Amino acid sequence: GDNRSSMRTAADLVAYKSVNDLPPQRDLMIHIDQKNETVLLPIYGSMVPFHVATIRTVSSQQDTNRTCYIRIIFNVPGTPFSPHDANSLKFQGSIYLKEVSFRSKDPRHISEVVQLIKTLRRQVVARESERAERAT
Amino acid sequence: MADGQLYNNISLGGRGGTNPGQLKTDQRGIQWKKQGGGKAIEVDKADIVGVTWMKVPRSNQLGIRVKDGLYYKFIGFRDQDISSLTKFFQSNCGIAPEEKQLSVSGRNWGEVDLNGNMLTFLVGSKQAFEVSLADVAQTQLQGKNDVMLEFHVDDTTGANEKDSLMEISFHIPNTNTQFVGDESRP
């Protein structure tokens, strides 16, 4: 399935080659770098990049105070739909970041982020599975 | 080295984002003041136990670990500031700053390192991010392999980030040997 192919290639996909390739830091908010297929998350005052291929799902929720919550779940080995593969075997013993959730006061920004991540992820997964198919 | 040195546009990093200010060094230690007043930090040179440098996008980050386990992050140093500050720490505190590297590969697997109350997530021996366990409201074990950290809701006015971290969880496969059967978990 989709997860399998994205996991297999996640090891080869690199968000940035050097520290200076990161986009200029604007506000400390979730940012999508479409060119580099990367999601940047504000963690403790720094923007932390995650390649979109490491992401499994993204969802958002809004409470009555118009506060928005966004949850990003990453690919980890050994869960249904992402069985152990070449990648997890190669990095045996690693600890995985599995999930992050953020709170935001800006529902429009959050729904935009969710849409962008979903679209970007779909594109990358489609491209990579096509590549895998061509290789076989 | 008796003379004080002033560094402008130095931000204090942390949970609620970054705050711009000014950093000063003198024979007593280092002082940081928030631009426009308000928050100030004074660190006596005798209390400094560790100093790190890290290259961050378009800037350099100074990390200062103090005796009681607190850890300060200052961002905004130019390349040429590194040598003067490194000299300062060497001659005044007898500490040689260590160099850390930032991971920008975008991977979500690596190692977890616990030092003082800081939890660092390392990807390929480079630092991806760090969080302070002092801000963790509770930890939960989910299933056999997942650990969730829930952060305090930070409503202080000092917070200037638009999106705030609420929860983070790590998956520790059975193949990991670092935290095997360790109930105190990360």
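From a predicted model like this one, the values you see are computed outputs, not experimental measurements. (Residues numbered from 1 in each chain as written. Chains lettered and ligands numbered in written order. Predicted model: local features only at pLDDT ≥ 70, side-chain atom pairs only at ≥ 80, totals over all residues.)

Trainee: So what about the overall build of chain B? Which residues, and what values?
Mentor: Secondary structure summary: chain B contains one helix and 14 strands in total. Expressed as lengths along the three principal axes of its C-alpha atoms, the size of chain B is roughly 55 × 35 × 30 Å. Buried residues in chain B amount to 33% of all 186 residues. Partitioning the contacts of chain B with sequence separation of at least 6, the portion at a separation of at least 24 is 38%. (Helix = DSSP H or I, 4+ residues; strand = E, 2+ residues; numbered from the N terminus. Buried ≥ 20, exposed ≤ 12 C-beta atoms within 10 Å, placed from the backbone. Contact = placed C-beta atoms within 7 Å.)

Trainee: Account for the sheet that holds strand E3 (residues 46–51) of chain A, with residues named and values stated.
Mentor: Residues and elements named next belong to chain A. Across the sheet, which stays open at both edges, the three strands sit in the order E1-E2-E3 with antiparallel pairing between neighbours. In this open sheet, the two strands that pair with only one neighbour each are strand E1 (31–33) and E3. Looking at each pair of strands side by side, their axes are set apart by 30° on average, direction ignored. Judged from the three bridges that link them, E1 and strand E2 (residues 38–43) form a sheet pairing that is antiparallel. Directly across from Ile-32, in E2, lies its bridge partner Val-39. (Pairing = 2+ DSSP bridges. Axes fitted to C-alpha atoms, helices over the stretch in contact; angles between N-to-C directions.)

Trainee: Which residues make up unusual backbone geometry, and what are the values?
Mentor: The residue Arg-66 of chain A is not glycine, and still its phi comes out positive at about 60°. Structurally, Arg-66 of chain A is set in the loop between strand E4 (55–62) and strand E5 (68–74). Assessed through the 10 C-beta atoms surrounding it within 10 Å, Arg-66 of chain A is described here as exposed. Residue Arg-58 of chain B is not a glycine yet carries a positive backbone phi of 60°. For Arg-58 of chain B, the location among the structural elements is in the loop between strand E5 (48–56) and strand E6 (59–66).

Trainee: Quick one: what's the story with the domain arrangement of chain B, residue by residue and with numbers?
Mentor: The domains assigned to chain B are domain 1 (5–98) and domain 2 (111–171). Using only C-alpha atoms to locate each centre, domain 1 of chain B and domain 2 of chain B end up separated by 22 Å. (Domains from an automatic or database assignment.)

Trainee: I'd like to hear about the nonpolar core, residue by residue, with values.
Mentor: Grouped together as the largest cluster of nonpolar side chains are 64 residues, with contacts concentrated most on Val-39, Leu-41, Val-48 and Tyr-96 of chain A together with Phe-74 and Leu-165 of chain B. For this core, the element with the highest residue contribution is strand E6 (residues 95–104) of chain A, accounting for five residues. For Phe-74 of chain B, the contacting residues outside a window of four places in its chain are Ile-10, Ser-11, Leu-12, Leu-23, Trp-32, Gln-61 and Leu-62 of chain B. (Core = buried A, V, L, I, M, F, W, Y, C linked by C-beta atoms within 7 Å.)

Trainee: Describe in detail the sheet that holds strand E7 (residues 71–77) of chain B, supporting the description with residues and values.
Mentor: Residues and elements named next belong to chain B. Overall, mixed pairing links the eight strands, which are arranged E4-E3-E2-E1-E7-E6-E5-E8 in an open sheet. Pairing within the sheet leaves two strands with one partner each, and these edge strands are strand E4 (40–44) and strand E8 (98–100). The mean inter-strand angle of the sheet, taken between neighbouring strand axes irrespective of direction, is 30°. With eight bridges joining them, strand E1 (residues 5–14) and strand E2 (residues 17–26) adopt antiparallel strand pairing. Bridge pairing in E2 links Leu-12 to Asn-19.

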